[in-house]
Amino acid sequence: MNLHKPDITQIVSPFLLFFIINATQIGEGLLSFEREIADIAGYDAWITTIISGLLTTVVIVIIWKIITDEQTDWITIHHSIFGKIIGNCLTILFGLYALLVSIIVLISYIEIIQIWFFPDMSIVLFLSLLFILVLYICLGGFRIVVGFAFFSFFITSFLAVFKYKGFVDGNFSNIFPLFNTPIQDIIRALEPMSFSFLGIELILIYAPFIKRFKSGLKWAIGGNLLSSFTYLMSAIIIFMYYNEQQIQTISWPTLQLMKVINLPIVERFEYLGISLHFIAIIATSCLYFWSSIQCFQRITPFKLRTIGIIFALIGVFSVYFINNFLIIDLVSHLISRIGLIVLFAYIPLLFIIKKVIEGVKSKNAKN
Amino acid sequence: MIRRKNPKQPQKTVNTLDELMEIMKASDDFNHHTFGNTNNIELFYYESLINPEKVDVNLLGKLKETNVDQLNILKNLLPFSESEITSDLNDIEEKLLTGFLALKLKNNDEQALLLPAKFEVERQVDQPEIEFSVLGPKIAFIEDLNTNINLIRKRLKLPQLHTKSFQSGKITKTNISVVYIDGIANQENVDTVIQRITAIEYDQIMDSSFIGQMIADNSQSPFPQLMDTERPDRVCSALVEGKVAIVVDGSPHVLIAPTSLVEFFASYEDYFLTWPIASAFRIIRICAVIFSVLITPMYVAVLTYHYHIVPGDLLGTLVSSRKDIPFAPIIEVLILELSIELLREAGARLPTKIGQTIGIVGGIVIGTAAVEAGLTSNVLLILVALAALASFTTPIYRIGNTIRLIRFPFIIFAQLWGIVGIIIGLMFLVTHLIRLTSLGRPFLTPLYPPRWKDLKDAIIRLPFHLQGERPTITSPRDKNRINLSRTSNKHGKRK
């Protein structure tokens, strides 16, 4: 088996999983998921956040069941289950998916910056600079990527505090009556919601980089629960503040809410909020970008650096294809769909296949 | 480190004592006398290196009257304590060049008697000027290696305090001592320092900062990765924490490694104050640095793009102070920032007394005149002056330079993309800091990788009884500062 032993200086402590998971999940989704889930499930949509939080926790546990060895990652598992050719094809597909996520996350945030700050900004120049930053982070190795995610966690926590405004000004009775929506609508809302929970599938790639990986389960679950809690609180606060019709007309409810905040020297807090939230976006994008180049580096003879630069160029030029709101929305929904399949179908399936193969092998060994 | 492909030896090799003397005689301050009844004793020395009192009647008189034909007898005759007879040419050359007298007999072409007569031109041990503190010891290192090590040893009377000596610099042959406490310092750090110092290839080592730049992990970074200090107490404290000190002859600054970013914002005076006060001052210092870096970029960003951010009343003040200014905010900021740098640079190059005048002329006269002439706004003048002031609060001079430099990229980012640009700049800075290492150990500890225990002496300084363990950045071999089991027992009894 093609085991992967990363450089000792790139290995990070298991408790950092808490921050990694949180940073990968919280990104652009946090700003707009309320609108999308409320569209399907109305004011009971907050129940969806709880359900998806629980489901993703189950997925995390399954991932810990799949990875039995400290040095196993997705690539090794693909090899051992599907053989070299099909396994590599699956890895490439996943690598491309991760690259697509890292690009779309950046581009859709640039859209927000265009709308809020600079309507006539040159996207190519800006995106080039961002990819230089992403490369600077990712080529430093996993430890640097995690370091960035670690700091982004504190920024998002700082920003989360400012949702208090919705709580203070909102109306609690807005979310009543409870369970007014049919249960299948709540389940259907899982699809847009899962976009905000994407990120845990990356554990399969960076597992060898975690010291004492087995002991990291509690931290990973903790990180996931914190994100679910953040989404839950955010959803409740937004539903308290806006009414059901209004929320559909607002693209980014959280940013609208930040507008209301008045600080002694900051009148329009959303300007600071958008800028600071950018750090969380870059952290998410970097983790995906790193996973993508790691996938390709493991199955091709090229160096991390070469792949990184090529992918960054792809990222910059992709702006010519993903260039308007409709396409961004389309790709986001596509990613949301793929992510849903990866999380809730592919990973459990992988687990079952692995168990079956192991069972067959041990049976053969007995015979 | 500069590596030449074909290193050329500056001197040709010498084989005999006479050849050596011939080379040295080319300098006019090299003296040569002949003594003895039969004129068979020759005395050589550099006039500029020896103490004239030693070459007095006592020595010369005795030499004139003697009639010896062996160096041994001469050695016993002369009242010098560390005299020696040697035939090693390198030794003779080195000793002559550090203030020894050489005596040689005409009939003996191989051996020479070396007598110490060093003339010490060193300034007195003085008060620290850069890292001055109101409280605490007022003594600073000077340019002499042995005095500096003496100052360290006076505080650490330990046989475990080891010094390892090296020579570096092809021409200057500067003495360097690596100082550490055996049993506390991690041997890996000591070995890294020694290995990097011995690998240095350069012709001149004039100061410890040469070494500091040559052995830094990333020499492209504007951040200093080794701390230099002129305070013996700071060095000793670092040694006790398990760090390694590098003392360089001819330099009043001692290098400490490994180090981390937060240590650059810790004044040593913090340890002389009670912990709540020290912590408060440290937080103020860190806030001052953040303010210093970000305030003028924020001014550019807000006034160029995001005037909505500013509350109405404040916007009124800003607008009225800027209404006559003919420049865009970025030009205004650059002019003012550069003139502050100009003032600082001029003040640093001039003698103290004129420097004060420059401060008054530059700061007050030019500042007021610039505002009255309508070239800059009052508000910006206040902000720039405050930012400059804040950058001087850093206890270590070197990091102050860095802080003044890194605000310029931020100003440019602010002009390009406003606050978003500043945040992008900040992300580049944070990434750079995460990537930096000092002797292979992360520069941003204890913040990242998070070492919760080390936070007790990072942004705040907790009281001494809570500082039971040495910081983990050095991976000290002996972790405990105090006997932790005993302390916990004591606290247990009090309950």
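Our structure's up above, just so we're on the same page.
This is a predicted model, so every value here is computed, not measured. (Residues numbered from 1 in each chain as written. Chains lettered and ligands numbered in written order. Predicted model: local features only at pLDDT ≥ 70, side-chain atom pairs only at ≥ 80, totals over all residues.)

A.B. asks: Any chance you could explain the overall build of chain A here in plain terms?
C.D. replies: A count of helices and strands for chain A gives 16 helices and zero strands. The C-alpha radius of gyration computed for chain A amounts to 21 Å, which stays within 12% of the reference 21 Å derived for 367 residues, consistent with globular compactness. Reported as C-alpha extents along the three principal axes, the dimensions of chain A are approximately 70 × 45 × 35 Å. Looking at chain A as a whole, 48% of its 367 residues are labelled buried. The contacts of chain A with a sequence gap of at least 6 include a subset with a gap of at least 24, amounting to 86%. (Helix = DSSP H or I, 4+ residues; strand = E, 2+ residues; numbered from the N terminus. Rg over C-alpha atoms; globule rule 2.2 N^0.38 Å. Buried ≥ 20, exposed ≤ 12 C-beta atoms within 10 Å, placed from the backbone. Contact = placed C-beta atoms within 7 Å.)

A.B. asks: Could you clarify how one ought to interpret the pairing of strand 1 (residues 30–35) of chain B in this entry?
C.D. replies: Within a regular strand, the side chains alternate between the two sheet faces. Residue and element names in this part refer to chain B. With zero of six residues buried, strand 1 is to be regarded as a mostly surface element. Sheet topology places strand 1 next to strand 2 (residues 41–46); six bridges connect them, and they run antiparallel. The partner of threonine 34 across the bridge, within strand 2, is glutamate 42. (Pairing = 2+ DSSP bridges.)

A.B. asks: Quick question: what am I supposed to make of the interface of chain B and chain A here?
C.D. replies: Reports of interface size often rely on the accessible area that becomes lost once the parts have come together. Opposite the 21 residues of chain B that make contact, chain A presents 25 residues. The residue makeup of the side of chain B that touches chain A, split by class, is 16 nonpolar, four polar and one charged. (Nonpolar A, V, L, I, M, F, W, Y, C, P; charged D, E, K, R; others polar.)

A.B. asks: I tried to follow the sheet that holds strand 10 (residues 254–257) of chain B on my own but got confused; where do I start?
C.D. replies: Strand pairing within a sheet occurs via backbone hydrogen bonds; the two strands may be parallel or antiparallel. All names here are of chain B. With antiparallel pairing, five strands are arranged side by side in an open sheet as 6-7-9-10-8. Looking at strand neighbours, the two that pair on one side only are strand 6 (161–168) and strand 8 (227–229), the edges of this open sheet. Recorded for the sheet is a direction-independent mean angle of 25 degrees between the axes of neighbouring strands. Sheet contacts for helix 5 (residues 145–155): strand 6, strand 7 (174–181), strand 9 (244–248) and strand 10; angle to strand 7, the most-contacted strand, approximately 10 degrees. Sheet strands in contact with helix 8 (residues 232–240) are strand 7, strand 8, strand 9 and strand 10, and its direction is about 50 degrees off that of strand 7. (Axes fitted to C-alpha atoms, helices over the stretch in contact; angles between N-to-C directions.)

A.B. asks: Quick question: what am I supposed to make of unusual backbone geometry here?
C.D. replies: Residue and element names in this part refer to chain B. Here the residue pair threonine 445 and proline 446 is connected by a cis peptide bond, since its omega of 0 degrees sits within 30 degrees of zero. On the secondary structure map, proline 446 appears in the loop between strand 12 (441–442) and helix 15 (484–494). Going from tyrosine 448 to proline 449, the amide bond is cis rather than trans, its omega being -5 degrees. Despite not being glycine, lysine 173 shows a phi value in the positive range, around 45 degrees. Along the chain, lysine 173 falls in the loop between strand 6 and strand 7. Lysine 173 gets classed as partly exposed once you count the C-beta atoms within 10 Å, which come to 13. In this structure, leucine 439 is a non-glycine residue whose phi angle is positive, near 55 degrees. The residue leucine 439 is located in the loop between strand 11 (437–438) and strand 12 in this model. In this structure leucine 439 comes out as buried when scored by C-beta crowding, with 24 C-beta atoms within 10 Å.

A.B. asks: I tried to follow the pairing of strand 2 of chain B on my own but got confused; where do I start?
C.D. replies: Relative to strand 4 (residues 100–105) of chain B, strand 2 of chain B runs antiparallel, the two being bridged by four bridges. Counterpart to phenylalanine 44 of chain B in the pairing with strand 4 of chain B is alanine 102 of chain B.

A.B. asks: Can you help me understand the nonpolar core in this one?
C.D. replies: Side chains that are nonpolar tend, in soluble globular proteins, to be buried together. Residues Val145, Ala149 and Cys286 of chain A together with Ala245 and Ile246 of chain B are the most contacted members of the largest nonpolar core, which totals 193 residues. Here this core takes 18 residues from helix 4 (residues 74–116) of chain A, the largest share from any one element. Dropping the residues within four chain positions of it, valine 145 of chain A is found in contact with Ile137, Cys138, Cys286, Leu287 and Trp290 of chain A. Residues Leu74, Leu96, Leu101 and Ala112 of chain B belong to the second largest nonpolar core, which totals 18 residues. (Core = buried A, V, L, I, M, F, W, Y, C linked by C-beta atoms within 7 Å.)

A.B. asks: What is the right way to read the sheet that holds strand 5 (residues 112–116) of chain B from this model?
C.D. replies: Residue and element names in this part refer to chain B. Read from one edge to the other, the open sheet built from five strands follows the order 1-2-4-5-3, with strand pairing classed as antiparallel. Of all strands in the sheet, those with a lone pairing partner are strand 1 and strand 3 (84–86), marking the two edges. The average undirected angle you get between the axes of adjacent strands in this sheet is 25 degrees. Across the sheet, helix 1 (residues 17–25) is in contact with strand 1, strand 2, strand 4 and strand 5; its angle to strand 1 comes to roughly 130 degrees. Most of the contacts of helix 4 (residues 89–97) go to strand 4, to which it runs at about 135 degrees, and overall it touches strand 2, strand 3, strand 4 and strand 5.

A.B. asks: Honestly, the packing of helix 14 (residues 269–299) of chain A against helix 14 (residues 397–435) of chain B in this entry has me stumped. Any pointers?
C.D. replies: To describe two helices that pack against each other, one gives the angle between their axes and the distance between the axes. Here helix 14 of chain A crosses helix 14 of chain B at 35 degrees, and the two axes come no closer than 9 Å. The element helix 14 of chain A and its partner helix 14 of chain B pack so that their crossing is right-handed. Contacts between helix 14 of chain A and helix 14 of chain B pair Tyr271, Leu272, Ser275, Leu276, Phe278, Ile279 and Ile282 of chain A from the former with Ile419, Val420, Ile423 and Met427 of chain B from the latter. Of the residues assigned to the contact of helix 14 of chain A with helix 14 of chain B, the class counts are 10 nonpolar, one polar and no charged. (Left-handed = near helix turned anticlockwise from the far one by under 90°.)

A.B. asks: What is the right way to look at the environment of isoleucine 265 of chain A in this model?
C.D. replies: Its location among the elements puts isoleucine 265 of chain A in the loop between helix 13 (253–260) and helix 14. Look at isoleucine 265 of chain A and you get exposed, because 8 C-beta atoms sit within 10 Å. Residues isoleucine 265 of chain A and glycine 147 of chain A, spaced 118 residues apart in sequence, show a C-alpha to C-alpha distance of 31 Å. For isoleucine 265 of chain A, the contacting residues outside a window of four places in its chain are Pro311 and Leu314 of chain B.

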